[in-house]
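Descriptive structure summary
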Amino acid sequence: AAVGLAVFAWTVYESRHPLPQFEWDHSKETIAILGTGWGSTSLLKDLDTENYNVVLVSPRAYFLFTPLLPSSTVGTVELRSIMQPIRFLTRFKRREILYVEGNCTNIDPTKKYDYLVVGVGAENATFGIPGVKENACFLKEAWDARRIRTQLLDCLESATFPGQPESEINRLLHMVVVGGGPTGVEYAAELHDFLNDDIQTWYPDIAGKFKITLVEATPHVLGMFPKDLIQYTERTFAENKVEILNNTMVKEVHQKDILVLNKDKELETIPFGLLVWATGNTARPLVSDLISKLPKDLQNQRRGLVVDDWLAVKGSKGSIYALGDCSATKWAPTAQVASRQGAYLAEQFAQLYALKREKSKFVEEGNKPEEFVQKLQPFVYNHQGSLAYVGGDKAIADLPFGIHLSGAMTYLFWRSAYMSNLFSLRNRVLVGFDWLKAKTFGRDISR
Ligand code: NAD
């Protein structure tokens, strides 16, 4: 215990005392990194900045641990606990990093720094469905979570306002989640826990009218999970009285209701108080624009930048790399993939630097530069499994070698996996306290 405490104290001390850094060295190559999400942050964490100058551009001066974003909308964890200011990372690199808080609006694939790494992620897909952007809440960024929390608590307080028609109370208390992928399922699960653990206690008069509906266009939720885990999820939702409307496609979104084509192929209007839109990702305009500037035969995917086995953007002559959700690869657009890609790129930049030095030595020895053989390992991804929280302290896990787990123990596994994946000791302590606080005092229902 004494050793543990000493390590903890030393880690805390170190985290508050960064050392002086080297200044920019104009004789070295410069890498520009776009984004502070899973891919870019993981690259930055492992990148040896002794050999490169680095410019980092992102509208968000922090890394956000997105797997716990649904929990933050109901107050199970606080938003700040899952954010890590990017300067807590950049200040610990050997060389100063130039961080610019801004939105990159245009990429010129020819006039740029020595290397460009595009890790800007994706935006929410709306499939051009009218009214989504105006009336639905997304669940991607910290501000989305804040907006949902405010609107959710607004709905609860408005529903208790005296003298309202029953239909209006029912509308305000109807929480609709569109999209039965992992985001939608985990969100509906968190809402259910909020209802069960807190709304029942603090709003006993209206708790019975609180309703959660998950709308999914295909025959089942969690299409990418194995059949037994899908069935487990659907059963758990049914037990928890969370209604799943499978085979139901949202066609239009209005201020207070959605128009859907239901499973009987009939148009139906569903009123809602809160609408959370989680139907997956699409390319950001910045990425689509870059795709249009590169050779069409090499860049033929609308969902993202096509990269080679070394994550170099095809058609960029090896000077632009893309990672995470803004790239189009054979892997699912997950945090796990992006973070592995970031770590791989950091290693690749170290190897590139070493190879360049070897090459100059090779040429100095009288050899022709084109005879230098440059060998870099391609990116390989080992999938470690998928986890999803399904509510009521239960989770599902689809692990390698066909291992499928579900239930309360899997939930503990889910918790420990998320805890160990959090960015820093500080985040772990904060989330740990939040969980303890929510269990002890209940979730905070102030706005
Ligand atoms: P998704 O693409 O996985 O799921 C979107 C769902 O929305 C689909 O099932 C689709 O059929 C449905 N849909 C689309 N249009 C619709 C409409 N008009 N009406 C009704 N339903 C409609 O999206 P996601 O859940 O945001 O996940 C994105 C990526 O992130 C995936 O690769 C996922 O695996 C990953 N992710 C993983 C986890 C986890 O492992 N726990 C959590 C969140 C996200």
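Residues numbered from 1 in each chain as written. Predicted model: local features only at pLDDT ≥ 70, side-chain atom pairs only at ≥ 80, totals over all residues. Heavy atoms only, no water.

**Some details on the overall build of the chain**
Cut-off, in case you're wondering: In this description a helix means any DSSP run of H or I spanning at least four residues, a strand means any run of E spanning at least two, and both kinds are numbered starting from the N terminus. For this measure, only C-alpha atoms enter the radius of gyration; the expected value for a globule follows 2.2 Å times N^0.38, where N is the number of residues. A 1.4 Å probe rolled over the protein chains alone gives each residue an accessible area, and that area as a share of the maximum for its type sets the label: buried under 20%, exposed over 50%, partly exposed in between. Contacts: residue pairs with any heavy atoms within 4.5 Å of one another. The Shrake-Rupley method, run with a 1.4 Å probe, gives the accessible areas here. Residue values count only the displayed protein chains as cover. For the purpose of counting charges, residues Lys and Arg are taken to be positive, whereas Asp and Glu are taken to be negative. His and the chain ends are not included. Where a charge sits is defined by one atom per residue type, namely NZ (Lys), CZ (Arg), CG (Asp) or CD (Glu).
Each helix and strand counted, the chain has 14 helices and 21 strands in total. Expected size for 447 residues packed as a compact globule is a radius of gyration near 22 Å; at 24 Å, the chain falls within 12% of this value. Taken over the C-alpha atoms alone, the chain extends approximately 90 × 60 × 45 Å along its principal axes. Taken over 447 residues, the chain has a buried fraction of 49%. For the chain, contacts bridging at least 24 residues in sequence account for 67% of all contacts bridging at least 6. Carbon and sulfur atoms make up 55% of the accessible area of the chain, which amounts to about 22,500 Å² in all. In the chain, which carries 50 positive and 51 negative side-chain charges, the distance between the mean positions of the two groups comes to 3 Å.

**Points about the sheet that holds strand E14 (residues 274–277)**
What links the strands of a sheet is backbone hydrogen bonding, and the strands pair in either a parallel or an antiparallel sense. Here is the rule: Any two strands with at least two DSSP bridges between them are considered paired. With axes taken as lines fitted to C-alpha atoms, and helix axes fitted only over the stretch in contact, angles between N-to-C directions fall between 0 and 180 degrees.
Read across the sheet, 4 strands follow the order E10-E9-E8-E14 without closing on themselves; strand pairing throughout is parallel. Either end of the sheet is taken by a strand with one partner, and the two such strands are strand E10 (242–245) and E14. Taking each pair of neighbouring strands and ignoring which way they run, the sheet shows an average axis angle of 20 degrees. Alignment of strand E9 (residues 211–215) against E10, held across 4 bridges, turns out to be parallel. Residue Leu 214 lies in a different strand from E10, and its bridge partner there is Ile 244.

**Observations regarding the pairing of E14**
Side chains of E14 alternate between two faces, with Leu 274 and Val 276 and Leu 275 and Trp 277 buried alike. Strand direction decides the pairing type here: strand E8 (residues 174–178) and E14, joined by 4 bridges, are parallel. Bridge pairing links Met 175 to Leu 274 in E14.

**Section: the side chain of Thr 410**
Here Thr 410 shows up in helix H13 (residues 408–421). Accessibility expressed as a relative area gives 4% for Thr 410, which makes it buried. Not counting chain neighbours up to four residues away, the residues in contact with Thr 410 comprise Ala 395, Ile 396, Ala 397 and Leu 405.

**Concerning the pattern of salt bridges**
The test is simple: Salt bridges, as used here, are contacts in which a Lys or Arg side-chain nitrogen is within 4 Å of a carboxyl oxygen on Asp or Glu.
All chains considered together, the criterion is met by 13 salt bridges. Of the charged contacts in the structure, one is a salt bridge between Arg 94 and Glu 50, with a shortest N-O distance of 3.0 Å. Of this pair, Arg 94 sits in the loop between helix H4 (87–90) and strand E5 (97–101) while Glu 50 sits in the loop between helix H2 (38–46) and strand E2 (52–58), and the two are 44 residues apart along the sequence. Linked by salt bridges that have partners in common, Asp 197, Asp 198 and Arg 443 make up one network.

**Considering the site of the ligand**
We apply this condition: We call a residue near a molecule or strand as soon as one heavy atom of that residue lies within 4 Å of the molecule or strand. Polar contacts here mean pairs of N or O atoms no more than 3.5 Å apart (in protein, one a potential hydrogen donor and the other a potential acceptor; neighbouring residues in sequence count only if both atoms are side-chain atoms).
Looking at the ligand, there are 25 residues lining it, with Thr 183, Glu 216, Ala 217, Val 250 and Leu 387 nearest. One nitrogen or oxygen atom from the side chain of Glu 216 is found 2.6 Å from an oxygen atom belonging to the ligand. In this structure, a nitrogen atom belonging to the ligand sits 3.1 Å away from a main-chain N or O atom of Val 250. Calculation on the ligand without its partners gives an accessible area of 850 Å², and the protein chains cover 78% of this total. Those elements that place two or more of their residues in the shell around the ligand are helix H8 (182–202) and strand E11 (249–253). With 3 residues, H8 is the single largest residue contributor to the shell around the ligand.

**A word on the state of the cysteines**
A disulfide bridge is the covalent bond that connects two cysteines by way of their sulfur atoms. Spelled out, the test is: By disulfide we mean two sulfur atoms from cysteines, separated by a distance within 2.5 Å.
Inspection of every chain in the model, using the stated rule, returns 0 disulfides. Take Cys 137: it sits in no disulfide, and the sulfur closest to it among the cysteines is that of Cys 155, at 9.1 Å. Here Cys 326 stays free of any disulfide, with the sulfur of Cys 104 as its closest cysteine sulfur at 11 Å.

**Structural notes on the nonpolar core**
Using the following cut-off: Here the nonpolar core consists of buried residues drawn from Ala, Val, Leu, Ile, Met, Phe, Trp, Tyr and Cys, with membership extended through side-chain atoms lying within 4.5 Å.
Counting 118 residues, the largest nonpolar core has Ile 82, Val 118, Phe 210 and Phe 349 as its most contacted members. In contact with Phe 210, not counting residues within four places along its chain, are Leu 152, Leu 156, Leu 173, Met 175, Leu 191, Leu 195 and Ile 199. Grouped together as the second largest cluster of nonpolar side chains are 15 residues, Val 132, Ile 258, Val 260 and Ile 270 included.

**Details of a nonpolar patch on the surface**
Let me state the cut-off plainly: Distance thresholds for patches are 9 Å for like charges and 5 Å for nonpolar side chains (Val, Leu, Ile, Met, Phe, Trp, Tyr), applied to residues having over 30% relative accessible area and no salt bridge.
Residues Phe 401, Ile 403, Leu 405 and Phe 413 make up a contiguous nonpolar surface patch of about 430 Å² in total accessible area. Positionally, Leu 405 belongs in strand E21 (residues 403–407).

**Some points on the sheet that holds strand E13 (residues 267–271)**
Pairing in this open sheet of 3 strands is antiparallel, and the strands run E11-E12-E13 from one edge to the other. Looking at the sheet topology across the chains shown, the edges are occupied by E11 and E13. Across the sheet, the axes of successive neighbouring strands diverge by a mean angle of 30 degrees, strand direction being ignored. Here 4 bridges tie E11 to strand E12 (residues 257–261), and the two strands are oriented antiparallel to one another. Within the sheet, the bridge partner assigned to Met 249 lies in E12 and is Leu 261.

**Description of the packing of aromatic side chains**
Test applied: Any Phe, Tyr or Trp ring, taking Trp's six-membered ring, that has another such ring centre within 6.5 Å forms a pair; planes under 30 degrees apart are called stacked, those over 60 apart edge-to-face, and the others tilted. Ring-over charges, as used throughout, are those where CZ of Arg or NZ of Lys falls within 6 Å of the ring centre and within 35 degrees of the ring normal.
Counting across every chain of the model gives 19 aromatic pairs. Residues Tyr 389 and Tyr 411 carry aromatic rings whose centres are separated by 5.1 Å and whose planes lie at 35 degrees to one another, so their mutual orientation is tilted. Placement of the pair is Tyr 389 in strand E19 (residues 386–391) and Tyr 411 in helix H13, with a sequence separation of 22 residues. Taken together, the ring pairs connect Trp 38, Phe 63, Phe 65, Tyr 389, Tyr 411, Trp 414, Tyr 418 and Phe 423 into an aromatic cluster. Over the ring of Trp 435 we find Arg 415; its NZ or CZ atom is 4.2 Å from the centre of that ring.

**Some remarks on the pairing of E21**
Two elements, strand E20 (residues 394–399) and E21, share 5 bridges in a ladder whose sense is antiparallel. Within E21, the position partnered with Leu 399 by the bridge is Ile 403. Count of turn residues in the E20/E21 antiparallel hairpin: 3 residues, of which Phe 401 carries a positive phi of about 60 degrees.

**Considerations on unusual backbone geometry**
A positive phi angle is found at Phe 127, which is not glycine, with a value near 55 degrees. Positionally, Phe 127 belongs in the loop between strand E7 (123–124) and helix H5 (132–135). The phi dihedral of Phe 401 is positive, around 60 degrees, even though this residue is not glycine. Mapped onto the fold, Phe 401 is located in the loop between E20 and E21. Taking the relative accessible area as the measure of exposure, Phe 401 reaches 84% and is therefore exposed.

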